[in-house]
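Chain residues, written in single-letter form:
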Amino acid sequence: MAVYTEVTDEDLSTFAAQYDLGAVLSCKGIAEGVENSNFLLVTERGPYILTLYEKRTRKEDLPFFLGLMEHLADKGIACPLPVPGRDGVALRELCGRPAVIVTFLAGMWPRRIMPQHCARLGEALARLHLAVGDFRMERPNALALPGWKELFAKSADRADEVAPGLRATLEAELTALEANWPVGLPAGVIHADLFPDNVFFRGDSLSGLIDFYFACNDFFVYDVAICINAWCFEIDGSFNATKARLLLSNYRKVRPLSRGELDSLPWLCRGSAVRFLLTRLYDWLNHPPGAFVRPKDPLEYLRKLRFHQSVRGLGDYFLDDSDLAESGTGGQ
Ligand SMILES: Nc1ncnc2c1ncn2[C@@H]1O[C@H](COP(=O)(O)OP(=O)(O)O)[C@@H](O)[C@H]1O
Ligand SMILES: N[C@@H](CCOP(=O)(O)O)C(=O)O
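This structure is a prediction, so every number in the text was calculated from the model and none was measured. (Residues numbered from 1 in each chain as written. Chains lettered and ligands numbered in written order. Predicted model: local features only at pLDDT ≥ 70, side-chain atom pairs only at ≥ 80, totals over all residues. Heavy atoms only, no water.)

1. Description of the sheet that holds strand β4 (residues 92-94)
One open sheet holds the 5 strands; their spatial order is β1-β2-β3-β5-β4, and the pairing between them is antiparallel. With partners counted over all chains shown, the strands left at the sheet margins are β1 (24-29) and β4, one partner each. Along the sheet, successive strands turn relative to each other by an average axial angle of 35°, direction set aside. Judged from the 5 bridges that link them, strand β3 (residues 46-52) and strand β5 (residues 97-103) form a sheet pairing that is antiparallel. Its bridge partner being in β5, Leu-52 is matched across the sheet by Ala-99. This element, helix α1 (residues 9-16), spans β1, β2 (37-43), β3, β4 and β5 of the sheet and lies at about 165° to β4. (Pairing = 2+ DSSP bridges. Helix = DSSP H or I, 4+ residues; strand = E, 2+ residues; numbered from the N terminus. Axes fitted to C-alpha atoms, helices over the stretch in contact; angles between N-to-C directions. Contact = heavy atoms within 4.5 Å.)

2. As for the pattern of salt bridges
In this structure the tally under the stated criterion is 24 salt bridges. Ionic pairing is found between Asp-20 and Arg-86, a salt bridge with its closest N-O pair at 3.6 Å. Here Arg-86 lies in the loop between α2 (62-74) and β4 and Asp-20 lies in the loop between α1 and β1, a separation of 66 residues in the sequence. Judged by its relative accessible area of 54%, Arg-86 falls in the exposed class. Among the salt bridges present, the one from Lys-59 reaches Glu-93, with a minimum N-O distance of 4.0 Å. Taken together, the positions of Lys-59 in the loop between β3 and α2 and Glu-93 in strand β4 put the pair 34 residues apart, joining distant regions of the chain. Residue Lys-59 is classed as partly exposed on the basis of its relative accessible area of 48%. Taken together, the salt bridges that share partners define one network made up of Arg-58, Glu-60, Asp-61 and Arg-139. (Salt bridge = Lys/Arg side-chain N within 4 Å of Asp/Glu carboxyl O. Buried < 20%, exposed > 50% of the residue type's maximum accessible area, 1.4 Å probe, protein only.)

3. A few points about the packing of helix α4 (residues 145-162) against helix α5 (residues 166-180)
Put simply, α4 and α5 touch, their axes get as near as 8 Å, and they point 160° apart. Viewed along their axes, α4 and α5 adopt a mutual orientation that is roughly antiparallel. In terms of crossing hand, the pair formed by α4 and α5 is left-handed. Judged by residue contacts, Leu-145, Trp-148, Lys-149, Phe-152, Ala-156, Asp-157, Ala-159, Asp-160 and Val-162 of α4 engage Leu-166, Arg-167, Leu-170, Glu-171, Leu-174, Leu-177 and Glu-178 from α5. Of the residues that constitute the contact of α4 with α5, the class distribution is 10 nonpolar, no polar and 6 charged. (Parallel < 35°, antiparallel > 145°, perpendicular 65-115°, else oblique. Left-handed = near helix turned anticlockwise from the far one by under 90°. Nonpolar A, V, L, I, M, F, W, Y, C, P; charged D, E, K, R; others polar.)

4. Considering the site of ligand 2
Neighbouring ligand 2 are the residues Gly-33, Val-34, Glu-35, Asp-193, Phe-195, Asp-197, Asn-198, Asp-211, Phe-276, Arg-280 and Lys-296. Between Asp-193 and ligand 2, the recorded distance is 2.7 Å, taken from a side-chain N or O atom to a nitrogen atom. Note that an oxygen atom of ligand 2 is positioned 3.3 Å from one of the side-chain N or O atoms of Asn-198. Calculation on ligand 2 without its partners gives an accessible area of 330 Å², and the protein chains cover 96% of this total. Among the residues making up the shell around ligand 2, the classes are represented as 3 nonpolar, 2 polar and 6 charged. Shared between two domains, the shell around ligand 2 takes at least three residues from each, and those domains are domain 1 (9-103) and domain 2 (115-326). (Near = heavy atom within 4 Å. Polar contact = N/O pair within 3.5 Å; in protein donor to acceptor, adjacent residues only side chain to side chain. Areas by Shrake-Rupley, 256 points an atom, 1.4 Å probe, with all protein chains shown as cover. Domains from an automatic or database assignment.)

5. Points about the domain arrangement of the protein
Split into domains, the protein comes out as domain 1 (9-103) and domain 2 (115-326). One C-alpha centre belongs to domain 1, the other to domain 2, and the line joining them spans 27 Å. Taken together, the contact between domain 1 and domain 2 spans 23 residues of the former and 26 residues of the latter. Each partner contributes to the roughly 2,100 Å² buried at the junction of domain 1 and domain 2, and carbon and sulfur atoms together form 71% of this total. In terms of surface lost to domain 2, no three residues of domain 1 exceed Arg-56, Phe-64 and Phe-65, which account for 29% of the buried area on that side. Taken together, the links from domain 1 to domain 2 amount to 3 salt bridges. Residues Asp-61 and Arg-139 are paired through a salt bridge, measuring 3.0 Å at the closest nitrogen-oxygen approach. (Buried area = accessible area lost by both parts, 1.4 Å probe.)

Okay, here's the thing in structure tokens:
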């Protein structure tokens, strides 16, 4: 459960009085998420989500995240909308933390991922990438290669406590990634954390996307790589090529991927595995004592990294020749 900051009844009623939401009926910490403190806030107007921004979310980035949600909602993407107070301001402060109330999105994230979820995810991700075409704000990716190196430096000395040899593996992988990272691919704002717990479904239909607090500018296809890692491995660690193919083919129906983007996928998958391995490793070694949060397992991402390291080429695991033929041999 991610509740780093406790909110007293008194603090909450003073805070809620700044909105036109009626009286607060209940406010409960949410038993999911690891980054920020989230509460299900029920008022006379209905349910909302109250978020207090913690650790990795920098206050200066919040206008970008809130502006992005407003832009996407305007483009018809189902996502939470920041709720302004009576003064028109959405971003406020509560218990010394930046805080926002956003609209509640109905639906459930899939506990057991079925191939059809991956198909719907592919379409939604591509729609998101098209919808940001005219979003004018920018945020560099703080968790790209230089950020990975900083995180690694903070955890390197203790990495082998988590798995023997992890330090050397990460050192070598960071060097390899630096030498092979693609350049010049189509880029724009990406979600950058579209894990199953951030995608809601109602029945078989995808009902919305949440948690835009890692969104940033990067290659669109890097977002695809993040989703392949988060959605296309089974609990036993095996890669599910059917899920990856469905994710990719449905993405490509909405936003075609060039041959250059497809060819870069194996390295982007490796990079994405390292990115989540490093944040999880850091959190594993440093989670605040007493905080109501369960750190996620870094080794899940070490296993995913090893899988991608063992792959010899694109055709080996995602796509066969007929898939690749659709993209021609063009560049980016
Ligand atoms: N707008 C929303 N509508 C409904 N539930 C939400 C909403 N935002 C967050 N939640 C719930 O809170 C949980 C944690 O939110 P999330 O944004 O993923 O937190 P974190 O940023 O800490 O990872 C989600 O899994 C979901 O259950
Ligand atoms: N998805 C990340 C952790 C970020 O937490 P989330 O609750 O915002 O998804 C991971 O799995 O490491």
